[in-house]
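Spelled out, the chains give:
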Amino acid sequence: IISEKDIHDILDELEMGLLESDVAFSVTEEILSHIKSDLSGSKRKIGTSVDSIVRSALADALLGVLGEGVDIVSYIKEHDRPVKILFTGVNGTGKTTSIAKVAKFLQNNGFSVVLGAGDTFRAGAIEQIDVHGQRLGIKVIQHQEGSDPTAVLFDTVEYARAHQIDVVLGDTAGRFHNRANLMNQLAKIRRVIKPDLIVYVDEAVAGNDAVIRAEEFSKSVGIDAVMLTKVDMDPKGGAAISIAHAVGKPLLFIGTGQAYEDVMAFNPSAVVADLLGDA
Amino acid sequence: MLDNLGSNLKDALRKLAGKTVIDRAAVEDLVKDLQRALLQADVNVKQVMQLSQTIKKRALDEQPPKGVTAREHVLRIVYDELVLLVGKTVEITLGKQIILMAGLQGSGKTTTTAKLARFFKRKGMRVAVICADTFRPGAYTQIKTLCDRIQVPCYGNPAEQDARKIVRDGLASLKDEVIIVDTQGRHALEDDLITEIIDLNEITRATHRWLVLDAALGQQAREQARRFHDAVNIDGVIITKMDGTAKGGGALSAVAETGSGIVFIGQGETIEDLEWFDPSSYISRLLGM
Ligand SMILES: Nc1nc2c(ncn2[C@@H]2O[C@H](COP(=O)(O)OP(=O)(O)OP(=O)(O)O)[C@@H](O)[C@H]2O)c(=O)[nH]1
Ligand SMILES: Nc1nc2c(ncn2[C@@H]2O[C@H](COP(=O)(O)OP(=O)(O)OP(=O)(O)O)[C@@H](O)[C@H]2O)c(=O)[nH]1
Ligand SMILES: [K+]
Ligand SMILES: [Mg+2]
Ligand SMILES: [Mg+2]
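Residues numbered from 1 in each chain as written. Chains lettered and ligands numbered in written order. Predicted model: local features only at pLDDT ≥ 70, side-chain atom pairs only at ≥ 80, totals over all residues. Heavy atoms only, no water.

Engineer: What am I meant to see in the packing of aromatic side chains here?
Structural biologist: Describing an aromatic ring pair means giving the distance of the ring centres and the angle of the ring planes. For the coordinates displayed, the defined rule picks out six aromatic pairs over all chains. Both rings, one in Phe105(A) and one in Phe253(A), keep their centres 5.0 Å apart while their planes meet at 75°; by these two values the pair is edge-to-face. Here Phe105(A), found in helix α5 (residues 95-108), pairs with Phe253(A), found in strand β7 (residues 251-255); they are 148 residues apart in sequence, far enough to count as distant. In this structure Phe105(A) comes out as partly exposed when scored by relative accessible area, which is 24%. Both rings, one in Trp210(B) and one in Phe264(B), keep their centres 6.4 Å apart while their planes meet at 70°; by these two values the pair is edge-to-face. Taken as a pair, Trp210(B) in strand β5 (residues 208-214) and Phe264(B) in strand β7 (residues 262-266) lie far apart in primary sequence, 54 residues in all. One aromatic cluster in this structure is built from Phe119(B), Phe120(B), Trp210(B) and Phe264(B). (Phe/Tyr/Trp six-rings, centres within 6.5 Å; stacked < 30°, edge-to-face > 60°. Helix = DSSP H or I, 4+ residues; strand = E, 2+ residues; numbered from the N terminus. Buried < 20%, exposed > 50% of the residue type's maximum accessible area, 1.4 Å probe, protein only.)

Right, dumping it as structure tokens:
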């Protein structure tokens, strides 16, 4: 029989490991306390160490949190065209760059794409997505700086309908979840555009705040899938756990650099293996 | 920043109030609460463990001076140790200077460059900006648009690929007192880009090299800061996006790692949203002293 004391030391060590990989404090505590109560008093098979039992319980718990990921190609094939995908998140996480990467990925998979320059607020934002569109040979629907983002994205969807484009990727300005007016603007975009998927973009280097902002975005505008960027800066996928735990939605892609090719399907078991060392 | 710290420590400090001898259990509670608050604020795990061990040891080993209560004694020790984390005051001089902006992708360098330009301009200085970001699409339009809003000249050339050349040419043509060089985002593992910023530092002979960090940055902050510091000797940290819900503890770890201090705090997306930072009054407020 495994006692609470048996697992105490190993859990302490695992806790440090998770915190050092940026799994948020609250999430770490919750996952480990579940494991503790599940395992205390359970029976141990002859020949298995407490260490390996705890590690495999943790690996299972983390895999459970991360879920399976989404296969975007089959998602698009199964839905009516145009499939409308809206990208949201706080400032500077990599939304616009991710849109360019996903656009290229979809092109490579035989889909036609149009981009909507829905960030009409930040200086240089329209120029930024326009350059990506030019480089990729993809049409970018844009209005002037300061114009209504809903109108831009509406026009983007209309363009896709008129030209039989498969996928609309809509950019939005970065914003903080504690700014009600900006969140209302997103809610309006959502009401008018009715996106098929709202992709929430956050970065691997984010710490505890990843949980708070994911929860708030999830509550106020909804999240269907997550894209985790800047994994090249921080290969430890703690933020993936934090966000998935907070919103309970699958990860779509990870971003691993600034080039169009730096995008990968999300692989939950690789993330967990990294988090737990070689467990 | 760290704003949950004060309230987290209140209960533990209350247990020490009115006592003349230090109560071990109360100190242990205090250290636990402190750890929890710092970890939730993204201070580096190893630094948190180190700092809390030091506080515990000092609180239990050092005798309070005569007439100082247990509570005051422990509070003073916590204060001393937090000063190390929050860093020293970075004085802003109003002389001729070149400021090199450095930081991870998307941390807020370009926005902060414009904020700083406005800050110095309002102090009566002649200010100019150089756009040394030759990589990010729209980078020049972004900084040029912001500079136009505050009527500050912006040197750049979106067609040029070589940031070193732009900076050399810009320095040769600009005669302003304060020159701020905006650079492209980079991280510690990008060797070519680390070499580039070392070169830009040499070309500019920058007076300051300020590291711009997002308030939400987690455990990577310390290692990233170490690498930037090794490369160009960071002498100040700017924490951006403090208007969200992030606590800025990662950036504090960077401050401790570079032995520098916080120069400014970014509090919003518009050019006015910049605050100068005074560490000691900040900690006193935090601890309710
Ligand atoms: N290293 C690295 N950099 C990335 C990645 N994704 C994006 N970036 C960079 O991060 C910076 C910000 O990216 P953007 O795409 O402009 O971010 P955003 O979320 O659209 O920003 P706002 O619209 O201002 O909120 C740029 O310098 C990008 O090149 C990534 O996966 N790895
Ligand atoms: N809310 C808020 N947003 C900020 C602040 N500082 C910067 N931003 C936003 O953060 C995003 C990234 O800012 P940039 O100035 O483009 O960042 P950067 O470091 O120059 O990015 P790269 O050049 O791509 O590395 C933009 O959306 C900015 O508007 C701040 O203090 N508060
Ligand atoms: K991480
Ligand atoms: Mg953007
Ligand atoms: Mg920039």
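That covers the picture; the talk isn't over yet.
Engineer: Where do I start with the site of ligand 1 in this structure?
Structural biologist: The local shell around ligand 1 holds 23 residues, among which Lys95(A), Thr96(A), Thr97(A), Arg122(A) and Gln258(A) are the closest. One chain alone does not account for the residues near ligand 1; they come from chains A and B. Gly92(A) is positioned such that a nitrogen or oxygen atom in its backbone is 2.9 Å from an oxygen atom of ligand 1. Arg122(A) is positioned with one of its side-chain polar atoms (N or O) 2.7 Å from an oxygen atom of ligand 1. If you tally residues by element for the shell around ligand 1, the top one is α5(A), at four residues. Of the residues that constitute the shell around ligand 1, the class distribution is no nonpolar, 16 polar and seven charged. (Near = heavy atom within 4 Å. Polar contact = N/O pair within 3.5 Å; in protein donor to acceptor, adjacent residues only side chain to side chain. Nonpolar A, V, L, I, M, F, W, Y, C, P; charged D, E, K, R; others polar.)

Engineer: What is the right way to look at the site of ligand 2 in this model?
Structural biologist: Close to ligand 2 lie 23 residues; Gly108(B), Lys109(B), Thr110(B), Thr111(B) and Arg136(B) are nearest. Looking at the residues close to ligand 2, they fall on chains A and B. Thr111(B) is positioned with one of its side-chain polar atoms (N or O) 2.5 Å from an oxygen atom of ligand 2. At 3.4 Å, a side-chain N or O of Lys115(B) approaches an oxygen atom of ligand 2. Coverage of ligand 2 by the protein amounts to 96% of the 650 Å² it exposes when considered alone. (Areas by Shrake-Rupley, 256 points an atom, 1.4 Å probe, with all protein chains shown as cover.)

Engineer: I would appreciate a short explanation of the confidence of the model for chain B in the present structure.
Structural biologist: A low pLDDT score tells you not to read the predicted coordinates there in detail. Looking at chain B, pLDDT values average 94 and 100% of them are 70 or higher. The complex prediction reports pTM at 0.96, with the ipTM value standing at 0.96. (pLDDT = per-residue confidence, 0-100.)

Engineer: Looking at this structure, how should I read the pattern of salt bridges?
Structural biologist: Where side chains of opposite charge bring their charged atoms close, a pairing between them can arise. Under the definition given, this model contains 29 salt bridges over all chains. A salt bridge links Glu261(A) to Lys104(A), with the shortest nitrogen-to-oxygen separation between them at 3.2 Å. Taken together, the residues span a long stretch of sequence, with Glu261(A) in the loop between β7 and β8 (263-265) and Lys104(A) in helix α5 at a distance of 157 residues. Judged by relative accessible area, which is 54%, Glu261(A) ranks as exposed. Overall, the relative accessible area of 22% leaves Lys104(A) in the partly exposed class. For Lys165(B), the salt bridge is made with Asp169(B), and the minimal N-O distance between the two is 2.7 Å. With a gap of four residues between them, Lys165(B) and Asp169(B) both fall in helix α7 (residues 163-173), about one helical turn apart. On the basis of relative accessibility, which here comes to 30%, the residue Asp169(B) falls in the partly exposed class. Salt bridges sharing partners connect three or more residues here, namely Arg58(B), Glu62(B), Arg76(B), Asp80(B) and Glu81(B). (Salt bridge = Lys/Arg side-chain N within 4 Å of Asp/Glu carboxyl O.)

Engineer: I would appreciate a short explanation of the coordination of the potassium ion (ligand 3) in the present structure.
Structural biologist: Angles at a metal have ideal values that depend on geometry: 109.5 degrees with four tetrahedral donors, 90 or 180 degrees with six octahedral donors. Residues and elements named next belong to chain A. Coordination of the potassium ion (ligand 3) by the protein comes from Ser21 (O), Ala204 (O), Asp234 (OD) and Lys236 (O), over a distance range of 2.5 to 3.0 Å. Read in sequence order, the donor residues for the potassium ion (ligand 3) give the motif S-x182-A-x29-D-x1-K. A residue pair is termed long-range when its members are at least 10 positions apart, and alanine 204 in the loop between β5 (197-203) and α9 (209-220) and lysine 236 in the loop between β6 (225-229) and α10 (238-247) qualify at 32 residues. A residue is classified by how much of its surface remains accessible, and alanine 204, at 1% relative accessible area, is buried. Residue lysine 236 is classed as partly exposed on the basis of its relative accessible area, which comes to 35%. (Donors = N, O, S within 2.8 Å, 3.2 Å for Na, K, Ca; no water.)

Engineer: What should I look at first to understand the environment of Ala70(B) in this one?
Structural biologist: Residues and elements named next belong to chain B. On the secondary structure map, alanine 70 appears in helix α4 (residues 70-86). A relative accessible area of 0% places alanine 70 in the buried class. Note: C-alpha distance between alanine 70 and cysteine 131 (61 residues apart in sequence) is 54 Å. Those residues in contact with alanine 70, other than ones at most four positions away along the chain, are Leu16, Lys19, Thr20, Val21 and Ile22. (Contact = heavy atoms within 4.5 Å.)

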